[in-house]
Amino acid sequence: MNLMMRVKCMAGDTPLLPREGDAHCCPCCGFPGLEWPAYKNLGPPPWKSHGEPPYCQRYGDASYDVCECCGYEFGFEDNPGLGCQPISFRDYRTQWIAEGCEWFCGDRRPPYWSLREQLKRIGVDI
Ligand SMILES: [Zn+2]
């Protein structure tokens, strides 16, 4: 955990969840701690439907960031290049949940983390 996050933890009422405007949500799992928007014109949640990958067609340039929670790499998973199958947020999420929702950065997982709550924020019900 870096110093900024630690300060937010101590100051905020919800640990590890940056205040609105500070960070960006993962369109795949709802993790609210992305440093950059996953795609340039994605905008804030909730989102109705993302359509089909690659998402840069709809939302502009991808950040090529990897979500610390679900591990989705924006711009790569949905646009992996010739001969590889792009995977949608929905399919990736389904697979990730089926495999036990392991955090990509395990040490960033808040102690009372709820996937259901996190997904609710982006309009996904499980
Ligand atoms: Zn994610």
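Thresholds, definitions, all that
- Residues numbered from 1 in each chain as written.
- Predicted model: local features only at pLDDT ≥ 70, side-chain atom pairs only at ≥ 80, totals over all residues.
- Helix = DSSP H or I, 4+ residues; strand = E, 2+ residues; numbered from the N terminus.
- Buried ≥ 20, exposed ≤ 12 C-beta atoms within 10 Å, placed from the backbone.
- Contact = placed C-beta atoms within 7 Å.
- Core = buried A, V, L, I, M, F, W, Y, C linked by C-beta atoms within 7 Å.
- pLDDT = per-residue confidence, 0-100.
- Arc of directions from axis to C-beta.

Caption draft 1: Looking closely at the overall build of the protein chain. Counting its regular elements, the protein chain contains four helices and zero strands. Reading the protein chain from its N end, one meets helices and strands in the order α-α-α-α. Here the protein chain holds 126 residues, and the buried ones make up 26% of them. Residue pairs in contact within the protein chain that sit at least 24 positions apart in sequence constitute 53% of those at least 6 positions apart.

Caption draft 2: Structural view of the nonpolar core. Counting residues in each nonpolar core, the largest one holds 20 residues, and the members touching the most others are Cys26, Cys28, Cys29, Phe31, Cys67 and Cys70. Broken down by element, this core gets its largest block of residues, three residues, from helix 3 (residues 89-98). Discounting residues that sit within four places of it in the chain, Cys26 has contacts with Phe31, Leu34, Ala38, Cys67, Cys69, Cys70 and Tyr72.

Caption draft 3: Structural view of the confidence of the model for the protein chain. Averaged over the protein chain, the pLDDT score is 86; the fraction of residues at 70 or greater is 83%. The weakest mean pLDDT in the protein chain belongs to helix 1 (residues 3-11) at 42; the strongest belongs to helix 3 at 97. This model gives residues 1-15 a pLDDT under 50, and the stretch forms eight contacts once residues within four places in sequence are excluded.

Caption draft 4: Structural context of the environment of Gly43. Summarising the element assignment, Gly43 is placed in the loop between helix 1 and helix 2 (56-59). Between the C-alpha atoms of Gly43 and Pro27, which are 16 residues apart in sequence, the distance is 10.0 Å.

Caption draft 5: Geometry of unusual backbone geometry. With omega at 0°, the peptide bond leading from Pro45 into Pro46 counts as cis. Relative to the assigned elements, Pro46 resides in the loop between helix 1 and helix 2. Phi at Tyr64 is positive, roughly 55°, even though this residue is not glycine. For Tyr64, the position within the fold is in the loop between helix 2 and helix 3.

Caption draft 6: Expanded view of helix 3. By the burial criterion, the buried members of helix 3 are Phe89, Tyr92, Arg93 and Trp96. Burial along helix 3 is one-sided: seen end-on, the buried residues are contained in an arc of 100°. Opposite its buried face, helix 3 presents the exposed residues Gln95 and Ala98, each directed more than 90 degrees away. Within two residues after helix 3, Gly100 carries a phi angle of roughly 100°, on the positive side.

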